[in-house]
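# Observations on the model geometry
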Amino acid sequence: MQTQTSPSRPFAAGEAIVALRGGSRPAGDNSFAEKYGCSIQDCFEMGGPNLQSEQRILHIKMPEGMNTEKALAEMSKDPNVLYAEPNYIYQLDPDIATDTPPAQTTPPSPGTLIPNDLDSRLWGMNNTGQNGGTANADINAPEAWAIHTGRADGPIIAVIDTGIDYRHPDLAKNLWVNPGEIAGNGKDDDGNGVIDDVFGYNAFDNSGDPLDGNGHGTHCAGTIGAVGNNNLGVVGVNHQAQMMAVKIFNDKGETNSAAILRGIEYATKNGATITSNSWGGGPYSQAQRDAFAASPALHIMAAGNNGGDNDKKPNYPSNYELDNSLAVAASDRRDKKASFSQFGKTTVDLAAPGVDIYSTLPNNRYGSLSGTSMATPHVAGAAGLVASAFPELDAAAIKAKLLEGADKLKGWESFVVDGNRLNLEGALKA
Ligand SMILES: [Ca+2]
Ligand SMILES: [Ca+2]
Ligand SMILES: [Ca+2]
Ligand SMILES: [Ca+2]
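Residues numbered from 1 in each chain as written. Chains lettered and ligands numbered in written order. Predicted model: local features only at pLDDT ≥ 70, side-chain atom pairs only at ≥ 80, totals over all residues.

### Some words on the overall build of the protein chain
Counting its secondary structure elements, the protein chain contains nine helices and 18 strands. Since a compact globule built from 430 residues should have a radius of gyration of about 22 Å, the 21 Å found for the protein chain is in line with a globular shape. Its C-alpha atoms put the protein chain at 70 × 50 × 40 Å along the principal axes. The buried share among the 430 residues of the protein chain stands at 54%. (Helix = DSSP H or I, 4+ residues; strand = E, 2+ residues; numbered from the N terminus. Rg over C-alpha atoms; globule rule 2.2 N^0.38 Å. Buried ≥ 20, exposed ≤ 12 C-beta atoms within 10 Å, placed from the backbone.)

Here you go:
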């Protein structure tokens, strides 16, 4: 993909994301494309109560030699166009790797359920003061698991990331399996537009194989739902789960607006009710905002890792501030804000463990990473566990339980709304 940069954000040269007002399709789409000599690459239909109007978003390719910015300016003035924006290019933040301390034994305590794979390095799940932490600076996972551990037929949680190593022995059982798709026959058996999409979707390549060659998405997936109590590796927030792999980034951590829109659309159309988004930092994109808003799912979003204040300098997508989204900062094993974590007294909703997080990595490995990327799947996992325990709840009700059940921590009031840090037990009891 050829790229340009202007004024500060890179975008794909000769491409655009254009929202057309509602109306007849494909006639309207085709006449728009014809008018500008463009070809249609993707078409997204959007509507619902969170959008001002029904709209269709086209990803288009311009003819050779057309100036992208001039064309965007011209299209923006077209009466059929709601907005036209570049196909922005995104780069995933590099992972912050950390040392993994040796495991210790964890003494069980009353009123808890301690699975046989609650590795002591999972301080975010259960902190007894191991490895220099503060006792109970955690999400009270064993207390929550005494109530509920998730269901194999629980809510579909889309991990919108670099894919998932769906062959990992500590993840495979907890992957969503597309019920209407036959693997490897070269056919789109369920007619959802993607061939052989068994465990999810590769939105970057528009293929049915979301295998993770990067590691970021596999690490996030392990926190949400590594198989629990299987005498192996680690335990996720959900011991049983249905995680859908939605690969929007290639293995180098690169993506673009069109791939992100394809990923959000796939997750929504194929039944995900929770999405985990450990990425961001791009410009404001109306199309991206509308795609999240039009989906009925609850979208959990990372606040970002540059240490800044999101109230002053917005971070997207976490700053779209939708009723069905929740922005997450990172706390450490002493319940302090991670130095890298972005924050926002009004724009970041909740803190969660995000420093030295031990989880799954591709090729049957495990390791520790730090970032709001690691905090986000704790919250997405919690949303999944709440939805599994209370299947009748919608996105807003799940969000309310997560916030009501949170620990209100002193010193955090200036960093996140109400000084909230995730408490899994609290969320189930709220
Ligand atoms: Ca605890
Ligand atoms: Ca299919
Ligand atoms: Ca097939
Ligand atoms: Ca396990």
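There's plenty left to go through after this.
### Things to note about the packing of helix H5 (residues 257-269) against helix H6 (residues 286-294)
The N-to-C vectors of H5 and H6 enclose an angle of 5°; their axes lie 10 Å apart at closest approach. Taken together, H5 and H6 sit at an angle that is classed as roughly parallel. Touching Ser-257, Ile-260, Leu-261, Ile-264 and Glu-265 of H5 are Ala-287, Gln-288, Ala-291 and Phe-292, all from H6. Counted by class, the contact of H5 with H6 contains six nonpolar, two polar and one charged residues. (Axes fitted to C-alpha atoms, helices over the stretch in contact; angles between N-to-C directions. Parallel < 35°, antiparallel > 145°, perpendicular 65-115°, else oblique. Contact = placed C-beta atoms within 7 Å. Nonpolar A, V, L, I, M, F, W, Y, C, P; charged D, E, K, R; others polar.)

### Digging into the sheet that holds strand S16 (residues 365-370)
Within a sheet, neighbouring strands are paired by backbone hydrogen bonds and run either parallel or antiparallel to one another. Taking strand neighbours across the sheet as the criterion, the three strands line up as S6-S16-S15 in an open arrangement whose pairing is antiparallel. Of all strands in the sheet, those with a lone pairing partner are strand S6 (96-97) and strand S15 (357-361), marking the two edges. One ladder, built from five bridges, connects S15 with S16; its direction is antiparallel. What sits directly across from Thr-360, in S16, is Tyr-366. Each of S15 and S16 is contacted by helix H4 (residues 216-225), which is oriented at about 115° to S15, the strand it contacts most. (Pairing = 2+ DSSP bridges.)

### Remarks on the packing of H4 against helix H7 (residues 372-389)
Here H4 crosses H7 at 40°, and the two axes come no closer than 8 Å. With respect to their mutual orientation, H4 and H7 come out oblique. With respect to the hand of their crossing, H4 and H7 are arranged in right-handed fashion. Across the interface between the two elements, His-216, Cys-220, Thr-223, Ile-224 and Gly-225 from H4 touch Ser-373, Met-374, Pro-377, His-378, Ala-380, Gly-381 and Gly-384 from H7. (Left-handed = near helix turned anticlockwise from the far one by under 90°.)

### Topic: the domain arrangement of the protein chain
Split by domain assignment, the protein chain resolves into domain 1 (3-89) and domain 2 (96-429). When each unit is reduced to the centre of its C-alpha atoms, the spacing between domain 1 and domain 2 is 31 Å. Listed by partner, the interface residues are 19 residues for domain 1 and 17 residues for domain 2. Elements with a minimum of two residues in the side of domain 1 that touches domain 2: strand S2 (10-21), strand S3 (39-46), strand S4 (55-61) and strand S5 (81-91). (Domains from an automatic or database assignment.)

### Remarks on the nonpolar core
Of all hydrophobic cores here, the largest spans 113 residues; its most connected members are Val-159, Val-328 and Val-379. A per-element tally of this core places H7 first, with nine residues. Both domain 1 (3-89) and domain 2 (96-429) contribute no fewer than three residues apiece to this core. The contact partners of Val-328, leaving out residues within four places of it in the chain, are Ile-300, Met-301, Ala-302, Ala-303, Leu-350, Ala-352, Thr-372, Ala-375, Thr-376 and Val-379. (Core = buried A, V, L, I, M, F, W, Y, C linked by C-beta atoms within 7 Å.)

### Description of the environment of Leu-211
As for its placement among the helices and strands, Leu-211 is situated in the loop between strand S8 (200-202) and H4. Residues Leu-211 and Val-246, 35 residues apart in the sequence, show an inter-C-alpha distance of 9.4 Å. Ignoring sequence-local partners within four residues, the contact set of Leu-211 consists of Gly-163, Asp-165 and Tyr-166.

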